[in-house]
Amino acid sequence: MKFQNIDALQVKRWLDNEDAILIDVREPAEFSTNHIQGATLLPLGKITSSDLPQTEQKVVIYCQKGARGNSACVKVTDQDESVTVYNLMGGIEAWQNAGFDTQIGESSTLPLDRQVQLTIGGFVLLGSIATFAIDSAFIVIPALFGAGLLFSGATGKCNLAMIMAKLPWNK
């Protein structure tokens, strides 16, 4: 087993016993808005197995909902099979739903997944209205975003999120 998915309760136990450290793989703007106390930021697009701290403690990786955390675990364990990491299932949302505290920052930037949802929803709506009101050729807009969602769902990789992560307000 390269990595294991674990729940928030187990992570909390490990942290209380000082048996684990946390790595947040979200983007800097998301981290500055809200993160688990004591977590270190290593965004998914930049994390490598050599970035992980050399420690006897368990290394727990988390993101917003769990998917990027899972991708980060796959990435670092593919780079170095001797690495042992854990993915917090459900990410920081599961942590909060379990009733555990987070450190709230001052940033008002929306989480990356919500930015992606708003962008896709806006373009699908715009393309649909343009198809109806202007020309049927505009159907290509919602079709492309639908294809992107299918690709993202099938692979677990969202190209739009990777592009949006590079925008200035997400730095």
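The rules behind these values
Residues numbered from 1 in each chain as written. Predicted model: local features only at pLDDT ≥ 70, side-chain atom pairs only at ≥ 80, totals over all residues. Heavy atoms only, no water. Salt bridge = Lys/Arg side-chain N within 4 Å of Asp/Glu carboxyl O. Helix = DSSP H or I, 4+ residues; strand = E, 2+ residues; numbered from the N terminus. Buried < 20%, exposed > 50% of the residue type's maximum accessible area, 1.4 Å probe, protein only. Expected span 1.5 Å × (residues − 1). Phe/Tyr/Trp six-rings, centres within 6.5 Å; stacked < 30°, edge-to-face > 60°. Axes fitted to C-alpha atoms, helices over the stretch in contact; angles between N-to-C directions. Parallel < 35°, antiparallel > 145°, perpendicular 65-115°, else oblique. Contact = heavy atoms within 4.5 Å. Nonpolar A, V, L, I, M, F, W, Y, C, P; charged D, E, K, R; others polar. Core = buried A, V, L, I, M, F, W, Y, C linked by side-chain atoms within 4.5 Å.

Asker: Explain the pattern of salt bridges to me, please; I cannot follow it from the model alone.
Answerer: Between side chains of opposite charge, pairing is possible as soon as their charged atoms come close. The tally for this structure, following the rule as stated, stands at 5 salt bridges. As a salt-bridge pair, Asp78 and Lys2 come within 2.7 Å of each other at their nearest N and O atoms. Taken together, the positions of Asp78 in helix α3 (residues 67-79) and Lys2 in the segment before β1 (3-6) put the pair 76 residues apart, joining distant regions of the chain. Asp78 gets classed as partly exposed once you look at its relative accessible area, which sits at 48%. Assessed through its relative accessible area of 37%, Lys2 is described here as partly exposed.

Asker: What is the right way to read helix α6 (residues 140-155) from this model?
Answerer: Note: α-helices contain 3.6 residues per turn, so residues at a spacing of three or four share the same orientation. Its 16 residues place the ends of α6 22 Å apart at the C-alpha level, agreeing with the 22 Å of an ideal helix rising 1.5 Å per residue. Positive phi shows up at Gly156, right after α6, with a value of about 80°.

Asker: When you look at the packing of aromatic side chains in this model, what are you seeing that I'm missing?
Answerer: The geometry of an aromatic ring pair is captured by two quantities: the separation of the ring centres and the angle between the planes. Tallying each qualifying case throughout the model produces 3 aromatic pairs. Where Trp95 meets Phe100, the ring centres are 4.8 Å apart and the plane angle is 50°; that geometry is what we call tilted. Residue Trp95 is classed as buried on the basis of its relative accessible area, which comes to 3%. When its relative accessible area of 16% is taken as the criterion, Phe100 is described as buried.

Asker: Is there a simple way to explain the packing of helix α5 (residues 112-133) against α6 in this structure?
Answerer: Helix packing for two helices is described by the angle between their axes and how far apart those axes are. Put simply, α5 and α6 touch, their axes get as near as 7 Å, and they point 150° apart. Taken together, α5 and α6 sit at an angle that is classed as roughly antiparallel. Residue-level inspection shows Ile120, Phe123, Val124, Gly127 and Ser128 of α5 in contact with α6, the latter providing Ile141, Pro142, Phe145 and Leu149. Class assignment of the residues belonging to the contact of α5 with α6 gives a composition of 7 nonpolar, 2 polar and no charged.

Asker: Teacher, can you tell me more about the nonpolar core here?
Answerer: The tendency in soluble globular proteins is for nonpolar side chains to be buried as a group. Membership of the largest hydrophobic core comes to 16 residues, with the highest contact counts inside it found for Val11, Leu22, Ile36, Val60, Tyr62, Leu88 and Trp95. Put simply, the parts of the chain that give this core at least two residues each are α1 (8-16), β2 (20-24), β5 (58-62), β6 (85-88) and α4 (91-97). By residue number, the principal contributor to this core is α1, which donates 3 residues. Once you skip the residues sitting within four places of it in the chain, Val60 turns out to touch Ile6, Val11, Trp14, Ala20, Ile21, Leu22, Ile23, Tyr86 and Leu88. If you look at the next biggest cluster of nonpolar residues, it comprises 15 residues, including Ile23, Ala72, Cys73 and Val76.

Asker: Which parts of the structure should I look at to understand the environment of Gly91?
Answerer: By secondary structure assignment, the location of Gly91 is in helix α4. When the C-alpha atoms of Gly91 and Gly153 are compared, they prove to be 18 Å apart, with 62 residues separating the residues in sequence.

Asker: When you look at the environment of Phe123 in this model, what are you seeing that I'm missing?
Answerer: Mapped onto the fold, Phe123 is located in helix α5. The exposure class of Phe123 is partly exposed, given its relative accessible area of 38%. A C-alpha to C-alpha distance of 31 Å links Phe123 and Ile104, two positions 19 residues apart in sequence. Excluding residues within four positions of it along the chain, Phe123 makes contact with Ile141 and Phe145.

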